[in-house]
Amino acid sequence: MNRRKFLIWTLAAPLTLTFGVKTVAMARHYPLDELLMQLKRLPADKLTSHGAWNVSSILQHLAQSIRYSRLGYPQAKSALFQHTAGNVALNLFSAAGSMTHPLDEPIPGAPLLVNHLPADVAMAEVVSEIEQFIAWQGDLAPHFAYGNLTKAQYYSAHYLHIQNHLTDIKLK
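Residues numbered from 1 in each chain as written. Predicted model: local features only at pLDDT ≥ 70, side-chain atom pairs only at ≥ 80, totals over all residues. Heavy atoms only, no water.

### Here's the deal with the packing of aromatic side chains
Considering all chains together, one arrives at five aromatic pairs under this definition. Here Tyr30 and Tyr159 contribute two aromatic rings whose centre-to-centre distance is 5.3 Å and whose plane-to-plane angle is 40°, an arrangement assigned as tilted. Linking Tyr30 in the loop between helix H2 (24–27) and helix H3 (32–41) with Tyr159 in helix H7 (residues 151–166), this pair joins segments that are 129 residues apart in sequence. For the pair Tyr30 and Tyr159, a shared accessibility class is recorded, and that class is buried. An aromatic cluster is defined as three or more aromatic residues linked by ring pairs; in this entry it consists of Tyr68, Tyr73 and Phe144. Above the face of the Phe81 ring, Lys77 is positioned so that its terminal group lies 5.1 Å from the ring centre. We note Lys151 situated over the ring of Phe133; from NZ or CZ to the ring centre the distance is 5.4 Å. (Phe/Tyr/Trp six-rings, centres within 6.5 Å; stacked < 30°, edge-to-face > 60°. Helix = DSSP H or I, 4+ residues; strand = E, 2+ residues; numbered from the N terminus. Buried < 20%, exposed > 50% of the residue type's maximum accessible area, 1.4 Å probe, protein only. Lys NZ or Arg CZ within 6 Å of the ring centre and 35° of its normal.)

### Things to note about the environment of Gly97
Within the secondary structure, Gly97 sits in the loop between helix H5 (79–96) and helix H6 (119–135). When its relative accessible area of 26% is taken as the criterion, Gly97 is described as partly exposed. Considering only alpha carbons, one finds Gly97 and His29, 68 residues apart in sequence, at a separation of 10.0 Å. Each residue touching Gly97, except ones within four places of it in the same chain, is listed here: Arg28, Tyr30 and Leu160. (Contact = heavy atoms within 4.5 Å.)

Keep in mind these numbers describe shape, not what the thing actually does.
So, in structure tokens, the structure goes:
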């Protein structure tokens, strides 16, 4: 790449990431159906968490997130946030193939997680929510941080979100 192209790219890239569409989130295929099969094989009663939340709370949080993509999130960040920081974050996560965010941060406005809910019940809930999302033919709700997403973009967001939280779970 010559110097002129490099300078143009250096100046244009931040603007593209900030104001561009969420195109990177559709560039890769994130196999949510394969991740669903992996979750179904996990023995919920033999899982433990090394993070701030127990296994059940992690799974409930994931179920909430997926449910809200169909039915609507309780609170949203501003449109400005969604079109700038949210857009950049989703593009960067999708391009990197992984997401990093605080793993004990609840969804804004979501009901409190039930600490004593058995992990197998929470696992059944997240599995059900993923199956319903995959089969969903209706309109999708705007993401609280990323704004309007296509189903393919939600596939990326859900896949990466689940994978991020699974880093806190291990077999006993």
